[in-house]
Amino acid sequence: MLCLVLGIVLGVVVALYAFFELHYFLRMCLCVIAARFVKKRIYILETTVVTGLCLTNDIDTLLYHMNNARYLREIDFARVDFYERTHLYRTIRAKGGSVVQGATTIRYRRFIRPFTRFRISSKIVYWDKQSIFMEHRFLGCQDGFVHCIALCRQRVIECSVEDVMATLLKNTACATTTSSTECLERLENGGTALSMTPIPSPIVSVGASGNGGGNGNGNGGDRDYVNKLKPELPLEIAKWLEWNEMSSATLRSEC
């Protein structure tokens, strides 16, 4: 009887591995649990860092560096960590929206060798009315060298990005303030509420980018508030968006 039970369990495990990448789903669950219940919450414009290790199932056929496709999968885990710790995903869902990966560009600079530890830093570098743009960097744990850098466009569906960002900016930084003016004054002085890490001065010193629209509710105060904290459009993002538009135009012409 025991042998039969063990055989069934083994068969189920083998079937799961045959039809699903089981360890991917298990690791994703662990990432969510750790980010939600173990790690501290952070401010939406701060940078999160997760640590990874290149194992034998991460290397390519040459056997001496991490497979190029694995970088994108590692970014999945880093992104989930960021979503949970900043409450970005739950805020989008609370407003009736959802988020999908719209585009990714990645640049490789140096190999990550087997059994080498690395860190992935993730941060929001820009947003517009429809998308949030994130930068992910693979950093060497010893020297901090940037092995790889990726830009990802997160397309937000069925809700306003600026409404989401306004909610997160005010909820995390201004929970104890009584007005948006007081909140801005606190942010410009480098202070936050809820024991958050102080906001770096480059974030609050930038001006409105000109692309900041309303929050979907016509609230001018919220719109001005979001534009005040919104980073300038990075040149590489601008060129990347231009390339995306050219690519879309080419594909449409082929239809």
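The structure we're discussing is the one just above.
Conventions we followed
Residues numbered from 1 in each chain as written. Predicted model: local features only at pLDDT ≥ 70, side-chain atom pairs only at ≥ 80, totals over all residues. Heavy atoms only, no water. Phe/Tyr/Trp six-rings, centres within 6.5 Å; stacked < 30°, edge-to-face > 60°. Buried < 20%, exposed > 50% of the residue type's maximum accessible area, 1.4 Å probe, protein only. Helix = DSSP H or I, 4+ residues; strand = E, 2+ residues; numbered from the N terminus. Expected span 1.5 Å × (residues − 1). Contact = heavy atoms within 4.5 Å. Arc of directions from axis to C-beta. Pairing = 2+ DSSP bridges. Axes fitted to C-alpha atoms, helices over the stretch in contact; angles between N-to-C directions. Polar contact = N/O pair within 3.5 Å; in protein donor to acceptor, adjacent residues only side chain to side chain. Core = buried A, V, L, I, M, F, W, Y, C linked by side-chain atoms within 4.5 Å. Salt bridge = Lys/Arg side-chain N within 4 Å of Asp/Glu carboxyl O.

Trainee: Got a minute to help me understand the packing of aromatic side chains in this structure?
Mentor: Each aromatic ring pair is described using two quantities: the centre-to-centre distance and the angle formed by the ring planes. Within the structure shown, the criterion is met by 10 aromatic pairs. Considering the side-chain rings of Tyr24 and Phe25, the 5.6 Å spacing of their centres and the 80° angle between planes classify their relative orientation as edge-to-face. Residue Phe25 is classed as partly exposed on the basis of its relative accessible area, which comes to 43%. Members of the aromatic cluster, each reached through a chain of ring pairs, are Phe20, Tyr24, Phe25 and Phe77.

Trainee: What's the story with helix H2 (residues 22-38) in this structure? I'm lost.
Mentor: Note that an α-helix has 3.6 residues per turn; residues three or four places apart therefore point the same way. Compared with the 24 Å implied by 1.5 Å per residue over 17 residues, the 23 Å span of H2 between its first and last C-alpha is a close match. Taken together, the buried positions of H2 are Leu22, Tyr24, Met28, Cys31 and Ala35. For H2, the secondary structure elements touched by its buried residues are helix H1 (2-19) and helix H3 (68-86).

Trainee: Even after reading the chapter, I still don't get helix H9 (residues 235-254), so can you show me in this structure?
Mentor: With 20 residues, H9 should cover 28 Å at 1.5 Å per step; its first-to-last C-alpha distance of 29 Å lies within 8% of that length. Buried within H9 we find Ile237, Trp240, Leu241 and Asn244. Seen end-on, H9 carries its buried residues on one side only, within an arc spanning 100°. Set apart from the buried face of H9 by more than 90 degrees, the exposed residues are Leu235, Lys239, Trp243, Glu245, Met246, Ser253 and Glu254. The secondary structure elements touched by the buried residues of H9 are strand S2 (98-108), strand S3 (117-127), strand S4 (131-140) and strand S5 (146-157).

Trainee: I keep staring at the sheet that holds S5 and nothing clicks. Help me out?
Mentor: Sheet strands pair by backbone hydrogen bonding; their relative direction is either parallel or antiparallel. One open sheet accounts for five strands, arranged S1-S3-S4-S5-S2; its pairing is antiparallel. Strand pairing shows two members of the sheet lacking a second neighbour, strand S1 (48-53) and S2, which therefore form its edges. Ignoring which end each strand starts from, the neighbouring axes of this sheet average 25° apart. Pairing between S2 and S5: 10 bridges, direction antiparallel. Directly across from Val100, in S5, lies its bridge partner Arg155. H3 rests against S1, S2, S3, S4 and S5 of the sheet, and its axis sits at about 120° to S4. Strands S2, S3, S4 and S5 of the sheet are contacted by H9, whose axis makes an angle of about 60° with S5.

Trainee: In this structure, what is going on with the side chain of Arg85? I would like to understand it.
Mentor: Positionally, Arg85 belongs in helix H3. Here Lys40 takes part through its backbone oxygen, which lies 3.1 Å from a polar atom of the side chain of Arg85. With sequence-adjacent residues up to four places away left out, Arg85 is seen in contact with Ala35, Lys39, Lys40, Arg41, Ile42, Thr48 and Val49.

Trainee: Would you explain the nonpolar core in this entry?
Mentor: Side chains of a nonpolar character, in soluble globular proteins, are inclined to be buried together. If you look at the biggest cluster of nonpolar residues, it comprises 23 residues, and the most contacted ones within it are Ile44, Leu88, Ile124, Trp127, Ile132, Met165 and Leu169. Of all elements in the fold, only H3, helix H4 (88-94), S3, S4, helix H5 (161-173) and helix H8 (220-229) reach the threshold of two or more residues within this core. What Ile44 contacts, discounting residues up to four positions off in sequence, is Phe82, Thr86, Leu88, Ile124, Met165, Leu168 and Leu169.

Trainee: In this structure, what is going on with unusual backbone geometry? I would like to understand it.
Mentor: With the exception of glycine, most residues fall at negative phi, and the peptide bonds are largely trans. The phi dihedral of His87 is positive, around 65°, even though this residue is not glycine. Relative to the helices and strands, His87 is located in the loop between H3 and H4. Phi at Phe115 is positive, roughly 65°, even though this residue is not glycine. Note that Phe115 resides in the loop between S2 and S3. On the accessibility criterion, Phe115 (57% relative accessible area) is exposed.

Trainee: What is the right way to read the pattern of salt bridges from this model?
Mentor: Summed over the entire model, instances satisfying the criterion amount to 12 salt bridges. Between Glu74 and Arg27 there is a salt bridge, with its nearest N and O atoms 2.8 Å apart. Taken together, the residues Glu74 in helix H3 and Arg27 in helix H2 connect sequence positions 47 residues apart. The class of Glu74 is buried, set by a relative accessible area of 2%. The network of salt bridges with shared partners includes Glu21, Asp58, Arg70 and Arg73.

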